[in-house]
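# Overview (structure and organization)
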Amino acid sequence: QQQVKQSPQSLIVQKGGISIINCAYENTAFDYFPWYQQFPGKGPALLIAIRPDVSEKKEGRFTISFNKSAKQFSLHIMDSQPGDSATYFCAAGNPQGGSEKLVFGKGTKLTVNP
Amino acid sequence: GAVVSQHPSWVICKSGTSVKIECRSLDFQATTMFWYRQFPKQSLMLMATSNEGSKATYEQGVEKDKFLINHASLTLSTLTVTSAHPEDSSFYICSAKQQPWDSPLHFGNGTRLTVT
């Protein structure tokens, strides 16, 4: 119930291509879905987040697509760049319900080749 | 933007000694702070939730006597690894959350602990 399943584990994309990372959850109480980007030796940094009242959110080259009925959400990185090479984590939480904890996916290591 | 500062960024200590890691929210008051542990190429494992002025809430399987957490003020939480052993070597990351309820979680840059 508390798990967030993330795929793929690793992803290699050519510069300029589209990177797509998928996550699925079970707990219908989740109402907050952030994505974090982590570079080696650094803490995760919030990239973009979505709430279930919208199906898509775009910030620059990063887009979250959300499918409430399927309990799935995904991160799309358009025009991927070598600087995007990092590990990406999806997460889910229920802050409106009083729980401030986030459940993280296992991460996806993205490599963008020049 | 909200900044969380974690110190030290890396530390090497001998078996049996204790190590203290500090986590500070620099430009906001953090009512709740979280401590995570991350093994190489793995996800973040929540260790405990720390609320200012009260005892930390530990996740199942985390030894509270080994990992002492103190949330002394709205801008500072500390994690002390007591009687450290090589298996405690890991990357420890803190995060902080501000009000209101829909504010994001901000992470520190982590502390690499190596116990020799």
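Description of the structure in this document. (Residues numbered from 1 in each chain as written. Chains lettered and ligands numbered in written order. Predicted model: local features only at pLDDT ≥ 70, side-chain atom pairs only at ≥ 80, totals over all residues. Heavy atoms only, no water.)

### Quick notes on the interface of chain B and chain A
Listed per partner, the contact involves 21 residues of chain B and 18 residues of chain A. Taking both partners together, chain B and chain A bury about 1,600 Å²; carbon and sulfur atoms supply 58% of that area. There are 1 salt bridge connecting chain B and chain A. Across the salt bridge formed by A:K101 and B:E59, the nearest N and O atoms sit 3.1 Å from each other. At the junction of chain B with chain A, the criterion picks out 5 residue pairs in polar contact (both at pLDDT 80 or more). Secondary structure elements with two or more residues in the side of chain B that touches chain A: β4 (32-38), β5 (44-51), β9 (90-97) and β10 (105-107) of chain B. The element that contributes the greatest number of residues to the side of chain B that touches chain A is β4(B), accounting for 4 residues. Here the side of chain B that touches chain A is built from residues that sort into 10 nonpolar, 8 polar and 3 charged. (Contact = heavy atoms within 4.5 Å. Buried area = accessible area lost by both parts, 1.4 Å probe. Salt bridge = Lys/Arg side-chain N within 4 Å of Asp/Glu carboxyl O. Polar contact = N/O pair within 3.5 Å; in protein donor to acceptor, adjacent residues only side chain to side chain. Helix = DSSP H or I, 4+ residues; strand = E, 2+ residues; numbered from the N terminus. Nonpolar A, V, L, I, M, F, W, Y, C, P; charged D, E, K, R; others polar.)

### Digging into the packing of aromatic side chains
Within this structure, the stated rule accounts for 13 aromatic pairs over all chains. With 5.7 Å between their ring centres and 70° between their planes, A:W35 and A:F73 make a pair best called edge-to-face. In this pair, A:W35 is assigned in strand β4 (residues 33-38) and A:F73 in strand β8 (residues 72-77), connecting sequence segments 38 residues apart. Here A:W35 and A:F73 have matching classes, each one buried. On the numbers, 6.0 Å between centres and 70° between planes, the contact of A:F104 with B:F107 is edge-to-face. Residue A:F104 is found in strand β10 (residues 99-104), and its partner B:F107 is found in strand β10; the two belong to separate chains. (Phe/Tyr/Trp six-rings, centres within 6.5 Å; stacked < 30°, edge-to-face > 60°. Buried < 20%, exposed > 50% of the residue type's maximum accessible area, 1.4 Å probe, protein only.)

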